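Notes for the structure review
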Amino acid sequence: MKNQLNAMLLTAALSGLIGGTTVAHAATTSASKTTVKAAKAGLQYVNGDKPAKHSCKGKNDCKGQGGCKSSDNGCKAKNSCKGKGGCATDGSKMPKAV
Amino acid sequence: MSTISLEQIQREMAAAVMTPLTPDDNMRKEAPDGRSMERVAASFIAPNSRLTSFERLEIYNRQYWYRVLGALAEDFPALRTVIGSRAFDAMSVGYLKAHPSRSFTLRNLGGQLASWLTTNQHFAARRADLAVDVARIEWAFVEAFDGAEHEPLTLEQIATLDGGSYLALQPHLQLVELTYPVDDLVLNLHKQEKRQATEAGVKHDEDDHAPAKLPPIRRKPTYLAAHRVDYSVYYLRLNRGEFHTLRAIRAGRPLGEAIEAGVTTARVPAARRPQLVRQWFTAWAELGWICAPDLDRLVRST
């Protein structure tokens, strides 16, 4: 009895996978792809027009790779060394690349 | 002056820079190991005509903390609102002392915050459990935003599956189990924060906000999926059985076992279960959540 029920559940899962994959595949060739998928995706966490705090947010060139925050202006307006010359070693210039 | 190796300098510098600031945002006079910070600084930084060794090191000490505290506040704006900015700042320092930046990217900085907060609840006072849930959701958003995306299962691959098959989930799909239904609250707080930032033009981080007034929220086990569709992050409520099936798939259990793990918690009559399972898998396949397992990982784990 249990085996029979498990077989039914497995069949249901596989037919669901086939049905969903077919729908998803059909949507990729349709102009309304984004709308259909997004409608089933749930609630959008932030609006798409959220200002990019991280340099790559909203551009997604870092998609799947992580590492959004390494190059933005995180220290903007926080430069406590500004005007004091304490950042470079003894005020010397950066060595030039040969 | 004795010579020290580059590695020693780097270790001294990192330890000094990562030492928490005083309440007035100055560098501490004493290093964590009890040495005078003035002596520590002088051991590897020369003074210049305007600044002492201590003052020069202090610049980097401040920059480190301003930067990491700013990054954490940016990733957890709802948590900051829920517990108040003063408590959030104290919590951030406590967390960063336990989990300092170890990665080349600040993106990973808040990865342990939710679990750390479960054992350091005093920072969130009476809202501790709520705060942990909010932190979980906000971290799930970070993961869903830039997690990897794999090819979903193809029809050809589905045709080969049986109850003993292993599947995988999209890496960007995050499964979140909550004590409170705080998903809508977090969404509203994010919208509110965005509106305020837009209206104010510039956000004043120094404002000392008390914990926000919140509508009454009752405990209720809540299951969420945070995921990405076309470069936008969404969250979707899941029912209990759905959540446990997905979690079992992610844990590497075979398909048959994963289904059983879910349906037995779904609290529906046995006769309705096949229909329910079909609906789940249809929806997941439409969203592209189900992938082939990473064969390398499977081989490594066996």
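The model shown is predicted, which means the values in this text are computed figures rather than measured ones.

A look at the overall build of chain A
Of the regular secondary structure elements, chain A holds 2 helices and 1 strand. Overall, chain A shows an N-to-C arrangement of helices and strands of α-α-β.

Side note on the overall build of chain B
A tally of helices and strands in chain B yields 13 helices and 5 strands. Within chain B, the proportion of its 302 residues that are buried is 49%. Sequence separation of 24 or more characterises 69% of the internal contacts of chain B that already satisfy a separation of 6 or more. Only carbon and sulfur atoms are counted for the fraction: they give 52% of the accessible area of chain B, which is about 15,300 Å².

Topic: the packing of aromatic side chains
Aromatic rings in a pair are described by how distant their centres are and how their planes are angled relative to each other. All names here are of chain B. What the rule picks out here adds up to 8 aromatic pairs over all chains. Relative to Trp 284, the ring of Trp 280 has its centre 6.1 Å away and its plane inclined at 20°; by these criteria the two rings are stacked. Of the two residues, Trp 280 and Trp 284 both sit in helix 12 (residues 273-286), 4 residues apart, roughly one turn of that helix. Here the two residues Trp 280 and Trp 284 agree in accessibility, since each one is buried.

Here we look at the packing of helix 11 (residues 255-263) of chain B against helix 12 of chain B
Residue and element names in this part refer to chain B. Across the interface, helix 11 lies against helix 12 with an axial gap of 11 Å and an inter-helix angle of 115°. Classed by the angle they form, the pair helix 11 and helix 12 counts as roughly perpendicular. Between helix 11 and helix 12 lies a crossing whose hand is right-handed. Seen from helix 11, the contacting residues are Leu 255, Ile 259, Gly 262 and Val 263; seen from helix 12, they are Arg 273, Val 277, Trp 280 and Phe 281. Across the contact of helix 11 with helix 12, the residue classes break down as 6 nonpolar, 1 polar and 1 charged.

What to know about the packing of helix 3 (residues 53-75) of chain B against helix 5 (residues 85-98) of chain B
Residue and element names in this part refer to chain B. Where helix 3 contacts helix 5, the two axes come as close as 10 Å, and the packing angle between them is 115°. As judged from the angle between their axes, helix 3 and helix 5 are roughly perpendicular. The handedness of the crossing between helix 3 and helix 5 comes out as right-handed. In contact with Trp 65, Val 68, Leu 69, Leu 72 and Ala 73 of helix 3, helix 5 contributes Phe 88, Ser 92, Val 93, Tyr 95, Leu 96 and Lys 97.

Here's the deal with the nonpolar core
Residues and elements named next belong to chain B. Within the largest apolar cluster, 61 residues are counted, with the highest numbers of intra-cluster contacts made by Leu 57, Phe 76, Leu 79, Ile 83, Met 91 and Val 182. If one sorts the elements of this core by residue count, helix 7 (residues 128-146) sits on top with 13 residues. Mapped onto the domain boundaries, this core takes at least three residues apiece from domain 1 (1-75) and domain 2 (148-182 + 217-302). Discounting residues that sit within four places of it in the chain, Phe 76 has contacts with Phe 88, Gly 110, Leu 113, Ala 135, Glu 138 and Trp 139. With 40 residues, the next largest nonpolar core counts Leu 169, Leu 236, Ala 248 and Val 268 among its residues.

Points about helix 12 of chain B
In an α-helix there are 3.6 residues to a turn, and that puts residues three or four apart on one side. In this model helix 12 of chain B runs 20 Å from its N-terminal to its C-terminal C-alpha over 14 residues, within 8% of the 20 Å that 1.5 Å per residue would give. Helix 12 of chain B sits mainly inside the fold: 10 of its 14 residues count as buried.

Looking at the confidence of the model for chain A
All names here are of chain A. With 37% of its residues at a pLDDT of at least 70, chain A reaches an overall mean of 59. By mean pLDDT, helix 2 (residues 33-40) is the weakest element of chain A at 68, and helix 1 (residues 2-28) is the strongest at 89. Low pLDDT, under 50, characterises residues 47-98; the stretch is placed with 79 contacts to residues that sit more than four places away or in other chains.

About the thresholds
- Residues numbered from 1 in each chain as written.
- Chains lettered and ligands numbered in written order.
- Predicted model: local features only at pLDDT ≥ 70, side-chain atom pairs only at ≥ 80, totals over all residues.
- Heavy atoms only, no water.
- Helix = DSSP H or I, 4+ residues; strand = E, 2+ residues; numbered from the N terminus.
- Buried < 20%, exposed > 50% of the residue type's maximum accessible area, 1.4 Å probe, protein only.
- Contact = heavy atoms within 4.5 Å.
- Areas by Shrake-Rupley, 256 points an atom, 1.4 Å probe, with all protein chains shown as cover.
- Phe/Tyr/Trp six-rings, centres within 6.5 Å; stacked < 30°, edge-to-face > 60°.
- Axes fitted to C-alpha atoms, helices over the stretch in contact; angles between N-to-C directions.
- Parallel < 35°, antiparallel > 145°, perpendicular 65-115°, else oblique.
- Left-handed = near helix turned anticlockwise from the far one by under 90°.
- Nonpolar A, V, L, I, M, F, W, Y, C, P; charged D, E, K, R; others polar.
- Core = buried A, V, L, I, M, F, W, Y, C linked by side-chain atoms within 4.5 Å.
- Domains from an automatic or database assignment.
- Expected span 1.5 Å × (residues − 1).
- pLDDT = per-residue confidence, 0-100.

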